[in-house]
Amino acid sequence: MERYAQPTSVKEAVELLAADAWVMLAGGTDFYPGLGEGPVSGPVLDISRIDALRGISRDDDKAGWRIGALATWTQLVRADFLPASFDCLKQAALEVGSVQIQNRATIVGNICNASPAADGVPALLVLDAEVELTCVRSTRRMGLSEFLHGNRQTARRPDEIVTGIFIPGNSARGSSAFFKLGARRYLVISIAMVAARIELDGADLVKAAAVSVGACSVVAQRLSGLENELTGTKPEDVSSVPDARHLDCLSPIDDVRAPAGYRLDAALEGVRRALAACVEDRS
Ligand SMILES: Cc1cc2nc3c(=O)[nH]c(=O)nc-3n(C[C@H](O)[C@H](O)[C@H](O)COP(=O)(O)OP(=O)(O)OC[C@H]3O[C@@H](n4cnc5c(N)ncnc54)[C@H](O)[C@@H]3O)c2cc1C
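Residues numbered from 1 in each chain as written. Predicted model: local features only at pLDDT ≥ 70, side-chain atom pairs only at ≥ 80, totals over all residues. Heavy atoms only, no water.

Draft legend 1. Representation of the pattern of salt bridges. According to the stated counting rule, one finds 20 salt bridges in the structure shown. Between Asp-128 and Arg-197 there is a salt bridge whose closest N-O contact spans 3.8 Å. With a gap of 69 residues between them, Asp-128 in the loop between helix H7 (120–126) and strand E6 (130–134) and Arg-197 in strand E12 (residues 192–200) connect regions that are remote in the sequence. We classify Arg-197 as buried; its relative accessible area is 7%. Connected through salt bridges with shared partners, the residues Asp-128, Arg-197, Arg-222 and Glu-227 form a single ionic network. (Salt bridge = Lys/Arg side-chain N within 4 Å of Asp/Glu carboxyl O. Helix = DSSP H or I, 4+ residues; strand = E, 2+ residues; numbered from the N terminus. Buried < 20%, exposed > 50% of the residue type's maximum accessible area, 1.4 Å probe, protein only.)

Draft legend 2. Region of the structure containing the nonpolar core. In terms of nonpolar packing, the biggest core is built from 59 residues, with Leu-89, Leu-124, Leu-144, Phe-147, Ile-165 and Ile-167 touching the most fellow members. In terms of residue count, the dominant contributor to this core is H7 (5 residues). Setting aside residues no more than four positions away along its own chain, Phe-147 makes contact with Ile-111, Cys-112, Val-131, Leu-133, Met-142, Gln-153, Thr-154, Ala-155, Arg-156 and Val-162. By size, the runner-up hydrophobic cluster in this structure holds 26 residues, among which are Ile-198, Leu-230, Val-238 and Leu-250. (Core = buried A, V, L, I, M, F, W, Y, C linked by side-chain atoms within 4.5 Å. Contact = heavy atoms within 4.5 Å.)

Draft legend 3. Representation of helix H10 (residues 260–278) in the model. With 19 residues, H10 extends 27 Å from end C-alpha to end C-alpha; this agrees with the ideal 27 Å at 1.5 Å per step. Burial in H10 covers these residues: Ala-260, Arg-263, Ala-266, Ala-267, Leu-268, Gly-270, Val-271, Ala-274, Leu-275 and Cys-278. (Expected span 1.5 Å × (residues − 1).)

Draft legend 4. The pairing of strand E11 (residues 175–181), seen in detail. Of all 7 residues making up E11, 5 are buried, and the element is well covered by its neighbours. Pairing geometry for E11 and E12, over 7 bridges, is antiparallel. Bridging from a neighbouring strand, Lys-180 pairs with Met-193 of E12. (Pairing = 2+ DSSP bridges.)

Draft legend 5. Up close: the sheet that holds strand E5 (residues 64–68). Taken in spatial order, the 5 strands line up as E4-E5-E10-E6-E7 in an open sheet, and their pairing is antiparallel. If you trace the sheet from one side to the other, it starts and ends with strand E4 (56–58) and strand E7 (139–143), each paired once. The average angle at which neighbouring strand axes cross in this sheet is 25 degrees, direction not considered. Bridge analysis of E6 against E7 gives 5 bridges, and the strand direction is antiparallel. Across the sheet, Thr-134 pairs through a bridge with Thr-139, a residue of E7. Contacts from helix H1 (residues 10–19) reach E6 and strand E10 (161–168) within the one sheet, and its direction differs from that of E10 by about 125 degrees. (Axes fitted to C-alpha atoms, helices over the stretch in contact; angles between N-to-C directions.)

Draft legend 6. Structural view of the site of the ligand. Within the structure, the ligand sits among 31 residues, and Met-24, Thr-29, Asp-30, Phe-31 and Thr-106 are positioned closest to it. The backbone of Gly-28 places a nitrogen or oxygen atom 2.8 Å from an oxygen atom of the ligand. Between the ligand and Val-162, the relevant distance is 2.9 Å, taken from a nitrogen atom to a main-chain nitrogen or oxygen of the residue. Coverage of the ligand by the protein chains reaches 85% of its 990 Å² of free accessible surface. Only strand E2 (23–25), helix H2 (31–35), helix H6 (107–113) and E10 provide two or more residues apiece to the shell around the ligand. Among the elements that line the shell around the ligand, the one with the most residues is H6, at 5 residues. Within the shell around the ligand, the residues separate by chemical class into 18 nonpolar, 8 polar and 5 charged. (Near = heavy atom within 4 Å. Polar contact = N/O pair within 3.5 Å; in protein donor to acceptor, adjacent residues only side chain to side chain. Areas by Shrake-Rupley, 256 points an atom, 1.4 Å probe, with all protein chains shown as cover. Nonpolar A, V, L, I, M, F, W, Y, C, P; charged D, E, K, R; others polar.)

Draft legend 7. Fine view of a nonpolar patch on the surface. A cluster of nonpolar side chains, Val-99, Tyr-186 and Leu-187, forms an exposed patch at the surface whose accessible area comes to about 290 Å². Among the secondary structure elements, Tyr-186 is positioned in the loop between E11 and E12. For Tyr-186, a relative accessible area of 47% puts it in the partly exposed group. (Patch = residues over 30% accessible without salt bridge, like charges linked within 9 Å, V, L, I, M, F, W, Y side chains within 5 Å.)

Draft legend 8. Looking closely at the state of the cysteines. Tallied over the entire structure, the rule returns 0 disulfides. The cysteine Cys-249 is free of any disulfide, with Cys-216 supplying the nearest cysteine sulfur at 9.9 Å. Its sulfur unpaired, Cys-278 is 7.7 Å from the next cysteine sulfur, which belongs to Cys-88. (Disulfide = S-S within 2.5 Å.)

Now the structure itself:
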């Protein structure tokens, strides 16, 4: 390794990023497998000692929830103060690799790695997650769908660190669920995964719905046509609304894990199951 730095503050980290091109390291569970048999190329900026990046909490102005860049999947699962709308993200957390991976890997690392099969992304999309990026001069926020540009591509500039994820309070409402299909039950890369969130109104009808599918396009997609059609539906009817035309925005590939047609079938079944799970106490 050419050079290794382990800053203890965001200020120190962004000053290093402003001066040089670094490869960032958090939990390392994508970073190290990504090396294959090769050595580390380029200087490594290990952010794992920056205490300000830890934790999951209410945002300072109580407008929403903040997931720090070093928050792990296990910390998320154990965050019993989070509302039920986070259940989809917690269920996704329990599907990320093994317990050992969940103990080490960060939620922010999952989105920065920008794999089409990143299990955290569909759940974060239905929570309308915003990504916070910090450089020496400024901090900016953008929606997760703007942040994700493609396979392993994001809107992060080389001098920026992702300091956290923000979930707006208005989106942290209702109930939610996650569905994942892989070639086996456990420790597997997704063939298709779905997150859904449903908010009911005073008359017990769907007030707002959010549905997202991953591993069936280069970046996970929200199904806005379906979301609109779900509005005003009775809880007992939500799982019968989705059909194949709602998946038109997806573009799955054929690969060793599954053919494209199978992925679409799995996604449709996943959408129905996730929606049914959101309302299972009400229907
Ligand atoms: C055995 C195994 C099983 C796995 N199973 C799954 C699975 O089922 N589902 C799934 O989705 N993933 C899975 N993964 C992938 C991985 O565990 C997750 O994507 C994890 O959340 C990555 O987090 P990390 O902290 O380890 O990221 P790292 O490996 O540290 O970093 C990942 C990438 O993000 C960048 N990065 C990290 N933090 C920041 C930051 N704050 N700002 C800017 N860039 C940053 C790094 O530079 C790197 O490019 C698995 C990995 C392994 C090894």
